[in-house]
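Per-entry structural report
Spelled out, the chains give:
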Amino acid sequence: RAGKLSEAKTVLLKARRIAPHDTVLLFNIALVLQRLAMQILKNEKSTLTEVLQAVHELGLAHKYFTYLNVHGDKTRFNITVAGSEAGQCQDLLSQAQYHVARARRIDEEEKQMRQKQVDERSAFKSKQEEERKKREEASRKNIEEMLVKRQEYKEKTKNALILDMPEQESKKRGR
């Protein structure tokens, strides 16, 4: 009643290990499984695995209720309630295919969206890598041009120094 169905489920399953033949525990487990499955199926944001798990648990609840309807202890709980809950589980199971299809569709859309994002990210990275290579190539060409210009400048200054020296000075130095 407090809305803590998942906690109730774990506690009841632990109790079931202690008293496996207790039909009241089985009824309560089936009731909790049914309500939990109904919650998950009604939630539009449930994932595919959650929906499939809920359908499985709903099937278990249906089996438990039908078993209790036939073999239940009339003195401990109302057997007709178990029968009506079994019918409700059967109705929910027939509607479950719609919920499974919806969850599959949403799951596929999410996968496509993730794949699209991955593709966009890889395209962006490759574009950045291409731009980086172009910048490196331009920088390399610029450095090579500067080296060629420097070498030309060295040659010009070397030739200019040789040409500027008067012949007399070269003779004086030779003596």
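Parameters at a glance
- Residues numbered from 1 in each chain as written.
- Predicted model: local features only at pLDDT ≥ 70, side-chain atom pairs only at ≥ 80, totals over all residues.
- Heavy atoms only, no water.
- Axes fitted to C-alpha atoms, helices over the stretch in contact; angles between N-to-C directions.
- Helix = DSSP H or I, 4+ residues; strand = E, 2+ residues; numbered from the N terminus.
- Parallel < 35°, antiparallel > 145°, perpendicular 65-115°, else oblique.
- Left-handed = near helix turned anticlockwise from the far one by under 90°.
- Contact = heavy atoms within 4.5 Å.
- Nonpolar A, V, L, I, M, F, W, Y, C, P; charged D, E, K, R; others polar.
- Core = buried A, V, L, I, M, F, W, Y, C linked by side-chain atoms within 4.5 Å.
- Buried < 20%, exposed > 50% of the residue type's maximum accessible area, 1.4 Å probe, protein only.
- Phe/Tyr/Trp six-rings, centres within 6.5 Å; stacked < 30°, edge-to-face > 60°.

Things to note about the packing of helix 1 (residues 5-18) against helix 2 (residues 23-42)
Put simply, helix 1 and helix 2 touch, their axes get as near as 10 Å, and they point 155° apart. By the angle class used here, helix 1 and helix 2 are roughly antiparallel. When the axes of helix 1 and helix 2 are compared, the crossing they make is left-handed. Every residue of helix 2 that contacts helix 1 at Leu5, Ser6, Ala8, Lys9, Leu12, Leu13, Ala15 and Arg16 is listed here: Leu25, Leu26, Asn28, Ile29, Val32, Leu33, Arg35, Leu36 and Gln39. Here the contact of helix 1 with helix 2 is composed, by residue class, of 11 nonpolar, 3 polar and 3 charged.

Comments concerning the nonpolar core
Membership of the largest hydrophobic core comes to 27 residues, with the highest contact counts inside it found for Phe27, Leu41, Val51, Val55, Leu58, Ala61 and Phe65. At the level of secondary structure, the elements contributing two or more residues to this core comprise helix 2, helix 3 (48-71) and helix 4 (79-164). The element contributing the most residues to this core is helix 2, with 11 residues. In contact with Ala61, not counting residues within four places along its chain, are Ala30, Leu33, Gln34 and Cys89.

Topic: the packing of aromatic side chains
Using the criterion set out here, one finds 1 aromatic pair in the structure. For the ring pair Phe27 and Phe65, a centre distance of 5.5 Å and an interplane angle of 70° mean the geometry is edge-to-face. Pair noted here: Phe27 is in helix 2 and Phe65 is in helix 3, with a separation of 38 residues, a long-range link. As far as burial versus exposure is concerned, Phe27 and Phe65 are alike and both buried.

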